[in-house]
Amino acid sequence: MTRILDLDAGLIRRRVAAAGVVGAGGAGFPTHVKLNASAEIYLVNGAECEPLLKVDQQMADEQAEWLIKGLLYGMAATGAAEGIIALKAKYQAAIDRLTPLLPERVRLHILPDIYPAGDEVITIWLATGRRVPPAQLPLSIGVVVSNVQTLINVARAVELEQPVTQRTLTVNGAVRQPLTLSLPLGTPLREALALAGGCTVSNPAFINGGPMMGHLLDDLDEPVTKTTGGLLVLPEDHLLIRRRRQSMDTVLAMARSVCEQCTLCTELCPRHMIGHELPPHLIVRATNYQHIAQPSVLLSALTCSECGICEAYACPVEISPMRLNQALKGRLRAEGARYEGELRAADPMAEYRLLPVSRLISRLELQAFNHKAPMQVTDDAPREVSLPLRQHIGVAAEPCVGVGQTVVAGQCIASIPEGQLGVPLHASIDGQVIEVGISHIRIAASTADTLSQGESPCITPSA
Ligand code: SF4
Ligand code: SF4
């Protein structure tokens, strides 16, 4: 396998670009651009620290060979001398599968079960001891990071020239049959819910992604994309749903009226712990006192990872410094502001302040919703898919098919203009193009063996 390291870096990047591979961990950054860098360490982020999501830990087990190949292709493209696969100790099946396959220059790093071990800045610190300065990329300290699913897609792109047409995601929470499954891109999330047997509560609310960083979903027709990590179902009155439904006015009013400046949000902020300035308690104070703060304090909101610890765990009076940071970030970005502070000394107590996931699950009242969600294979295909033209960072892909055209799964249906940042888009099912919109392409399946659509996947709990 190590002969992969001698492969032509340009060929690897071209195949990865043609396959439309993006960072599957959430950001959707085009992977071929990342592979253009020169790095010392290639790190696989297999932490998957969002409670309830069970994708990477199972893929690292079931597709261990592909993962290692993907890492070696990443190392070959970037010239990285060392490869590290960072996994939590509790992913024992994946560790057992990967260990005998490890080639020279590749090692496992076993992470503690803490949140947010999957924030790449924290993963790097835990796995290498290196600290990414605030507002800098991992590459600034010689590290490139990809997640498990991304590197499996890289390996398939290079070896098989296989484009990204599917996404593996977990459906968990208040569902009859929690599971993890691969679906064609563009499949409506309501079909993922139907495959999980529907809801077990009569007042369901939905989160696209994990409980900490996922967003509220009001429309189950939203499609599976290259970065969809999961679909969570919780009762409407669950605290995570109530918090997400809080208006910004309420968030501001609470910050103004009840912040006691206890500093817990700052003491537990993972970015602050490893030496970033980011002091959420001072940002809250600035909100209370007409933005009276050092300019760098307000600008440091730009370095917030939005991990949610300050909101979901630290604050004893239910203030959300994260929401304030999000609002501040939006304003600062619109003004073109940048944060330029230096990396400071790390908190000497940092490793003792890391937040165990078990405690987080308990604080978030998620025990009853944290199911195993084993990997399952489905042969059912969606009747129709709606493929967003922008599932990545960069410009939207430009359609190269027309209404009425017959397409096959894997066929390129939208491409990126020469010299622009982005990745092409491929048909995820065989069928006929039925709409070419400004933001998406819809394809109707040509087979009869499709999932039913339109019926409510939510059912009342059985007695
Ligand atoms: S969300 Fe809160 S805890 Fe997380 S990085 Fe931002 S300020 Fe720190
Ligand atoms: S934890 Fe809450 S109360 Fe304490 S300083 Fe932060 S926002 Fe204020």
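Residues numbered from 1 in each chain as written. Chains lettered and ligands numbered in written order. Predicted model: local features only at pLDDT ≥ 70, side-chain atom pairs only at ≥ 80, totals over all residues. Heavy atoms only, no water.

An unreviewed UniProt entry lists the chain under the name Electron transport complex protein RnfC, with Pseudomonas nicosulfuronedens as the source organism.

Closest axis-to-axis distance for the helix α10 (residues 248-258)/helix α13 (residues 280-288) pair is 9 Å, and the angle between their directions is 95 degrees. Relative to α13, the element α10 is oriented roughly perpendicular. Between α10, through L252, A255 and R256, and α13, the contact on the second element is made entirely by V284, T287 and N288. Across the contact of α10 with α13, the residue classes tally to three nonpolar, two polar and one charged. (Axes fitted to C-alpha atoms, helices over the stretch in contact; angles between N-to-C directions. Helix = DSSP H or I, 4+ residues; strand = E, 2+ residues; numbered from the N terminus. Parallel < 35°, antiparallel > 145°, perpendicular 65-115°, else oblique. Contact = heavy atoms within 4.5 Å. Nonpolar A, V, L, I, M, F, W, Y, C, P; charged D, E, K, R; others polar.)

In this section: the sheet that holds strand β10 (residues 230-235). Two orientations exist for strands paired in a sheet by backbone hydrogen bonds: parallel and antiparallel. Taking strand neighbours across the sheet as the criterion, the six strands line up as β9-β8-β10-β6-β7-β12 in an open arrangement whose pairing is mixed. The open sheet has two edge strands, β9 (215-217) and β12 (375-376), and neither has a second partner. Strand direction decides the pairing type here: strand β7 (residues 179-184) and β12, joined by two bridges, are parallel. From the neighbouring strand, T180 faces β12, where its bridge partner is M375. (Pairing = 2+ DSSP bridges.)

A word on the site of ligand 1. In the neighbourhood of ligand 1, 14 residues make up the surrounding shell, with C269, C304, C307, G308 and C310 lying closest. Of all the secondary-structure elements, those providing two or more residues to the shell around ligand 1 are α12 (270-273), α15 (309-314) and α16 (321-334). Taken together, the residues of the shell around ligand 1 break down into nine nonpolar, three polar and two charged. (Near = heavy atom within 4 Å.)

Parsing the chain into structural domains produces domain 1 (2-160), domain 2 (265-348) and domain 3 (381-453). In this structure, domain 1 and domain 2 have C-alpha centres spaced 28 Å apart. Contact residues are listed per partner, giving 11 residues for domain 1 and 16 residues for domain 2. Summed over both sides, the interface between domain 1 and domain 2 buries roughly 1,100 Å², with carbon and sulfur atoms accounting for 68% of that surface. Taken as a group, Y115, R131 and P134 account for 50% of the area that domain 1 buries against domain 2, more than any other trio of residues on that side. Close ionic contact of R271 with D119 constitutes a salt bridge, the shortest N to O distance being 2.9 Å. Across the domain 1-domain 2 interface, the total number found is five residue pairs in polar contact (both at pLDDT 80 or more). Counting residues per element, the side of domain 1 that touches domain 2 draws most heavily on helix α6 (residues 120-128), which supplies three residues. Residue composition of the side of domain 1 that touches domain 2, by class: nine nonpolar, no polar and two charged. (Domains from an automatic or database assignment. Buried area = accessible area lost by both parts, 1.4 Å probe. Salt bridge = Lys/Arg side-chain N within 4 Å of Asp/Glu carboxyl O. Polar contact = N/O pair within 3.5 Å; in protein donor to acceptor, adjacent residues only side chain to side chain.)

Across all of its chains, the model carries 20 salt bridges by this definition. Here D113 ties to K90 by a salt bridge, and the two come within 3.1 Å at their closest N and O atoms. Of this pair, D113 sits in the loop between β3 (106-111) and β4 (114-115) while K90 is found in the loop between β2 (82-88) and α5 (92-98), placing the two residues 23 residues apart along the sequence. Between K329 and E306 there is a salt bridge, with its nearest N and O atoms 2.7 Å apart. Within this pair, whereas K329 is found in helix α16, its partner E306 is found in the loop between α14 (295-299) and α15, the two being separated by 23 residues in sequence. Exposure remark for K329: the relative accessible area of 6% places this residue in the buried category. (Buried < 20%, exposed > 50% of the residue type's maximum accessible area, 1.4 Å probe, protein only.)

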